[in-house]
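So you can see what is in the structure, the chains are spelled out below.
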Amino acid sequence: MDDADDVIDDLFAVIEDRKENLPEDSYTTSLFTHEKGENAVLEKLGEETTELILAAKDDDREELAHESADIVYHLLVLLSMKGMDVEDLRAELSKRR
Ligand SMILES: N=c1c2ncn([C@@H]3O[C@H](COP(=O)(O)OP(=O)(O)OP(=O)(O)O)[C@@H](O)[C@H]3O)c2ncn1[C@@H]1O[C@H](COP(=O)(O)O)[C@@H](O)[C@H]1O
């Protein structure tokens, strides 16, 4: 795997590190410690999915890529919150091939 292939695994490792160490000035930490609990990340996923749909309707490929990345990041945070791993996602996708 080259650097680009590693990017999702690397991002998940950063998220796991934030969960364990809760550094200040980290957006990821703010999600793990949010007073709304997991609802904060669920709300973000809802908002960003709406933004993704609007970008698709506008045929705005740059915005579509931006919102896709926001969704993948927040999805990985959600998996981490649930004690799941990026491997669970990979396994589920592989099963469907
Ligand atoms: N991939 C992401 C990532 N994607 C989105 N976000 C944050 O998610 C929030 C998205 O919420 P909003 O859509 O409301 O954001 P916005 O600023 O209004 O932007 P728009 O979507 O409206 O353009 C923003 O604050 C983004 O900074 C992310 N924050 C962090 N990461 C990754 O996580 C790593 C660790 O980040 P920290 O935990 O902040 O150190 C970073 O190095 C990145 O690799």
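The rules behind these values
Residues numbered from 1 in each chain as written. Predicted model: local features only at pLDDT ≥ 70, side-chain atom pairs only at ≥ 80, totals over all residues. Heavy atoms only, no water. Helix = DSSP H or I, 4+ residues; strand = E, 2+ residues; numbered from the N terminus. Buried < 20%, exposed > 50% of the residue type's maximum accessible area, 1.4 Å probe, protein only. Contact = heavy atoms within 4.5 Å. Axes fitted to C-alpha atoms, helices over the stretch in contact; angles between N-to-C directions. Parallel < 35°, antiparallel > 145°, perpendicular 65-115°, else oblique. Left-handed = near helix turned anticlockwise from the far one by under 90°. Nonpolar A, V, L, I, M, F, W, Y, C, P; charged D, E, K, R; others polar. Phe/Tyr/Trp six-rings, centres within 6.5 Å; stacked < 30°, edge-to-face > 60°. Polar contact = N/O pair within 3.5 Å; in protein donor to acceptor, adjacent residues only side chain to side chain. Expected span 1.5 Å × (residues − 1). Bend = angle between axes of the 7 residues up to and from the residue.

When helices and strands are counted, the chain shows five helices and zero strands. Listing each helix as α and each strand as β along the chain from the N terminus yields α-α-α-α-α. In terms of overall dimensions, the chain has a C-alpha envelope of 40 × 35 × 25 Å along the principal axes. The buried share of the chain, taken over its 97 residues, is 22%. Long-range contacts, defined here as pairs at least 24 residues apart, represent 57% of the contacts in the chain between residues at least 6 apart.

Running from N to C, helix 1 (residues 3-21) and helix 4 (residues 61-81) cross one another at 50 degrees; their axes reach a closest spacing of 10 Å. It follows from the interaxial angle that helix 1 and helix 4 lie oblique. Classified by chirality, the crossing of helix 4 by helix 1 is right-handed. From helix 1, Ile8, Leu11, Phe12, Ile15, Glu16 and Lys19 reach across to helix 4, where they touch Tyr73, Leu76, Val77, Leu79 and Ser80. Residue composition of the contact of helix 1 with helix 4, by class: eight nonpolar, one polar and two charged.

Here we come to the packing of aromatic side chains. Summed over all chains, the structure comprises one aromatic pair. A centroid spacing of 6.0 Å and a plane angle of 35 degrees characterise the contact between Tyr27 and Tyr73, whose relative ring orientation is tilted. Within this pair, whereas Tyr27 is found in helix 2 (residues 27-32), its partner Tyr73 is found in helix 4, the two being separated by 46 residues in sequence. Tyr73 sits in the buried class, given a relative accessible area of 15%.

Here the focus is the environment of Lys82. Within the fold, Lys82 resides in the loop between helix 4 and helix 5 (86-95). Sequence separation of Lys82 and Glu38 is 44 residues, and the distance between their C-alpha atoms is 9.1 Å. Separated by 2.8 Å, the side chains of Lys82 and Glu38 make a polar contact.

Attention shifts here to helix 1. Because each turn of an α-helix spans 3.6 residues, side chains separated by three or four positions end up pointing in the same direction. Given a rise of 1.5 Å per residue, 19 residues ought to cover 27 Å, and the 25 Å separating the end C-alpha atoms of helix 1 matches this to within 8%. Most pronounced at Asp9, the bend in helix 1 amounts to some 30 degrees. Downstream of helix 1 by one or two residues, Leu22 has phi in the positive range, about 45 degrees.

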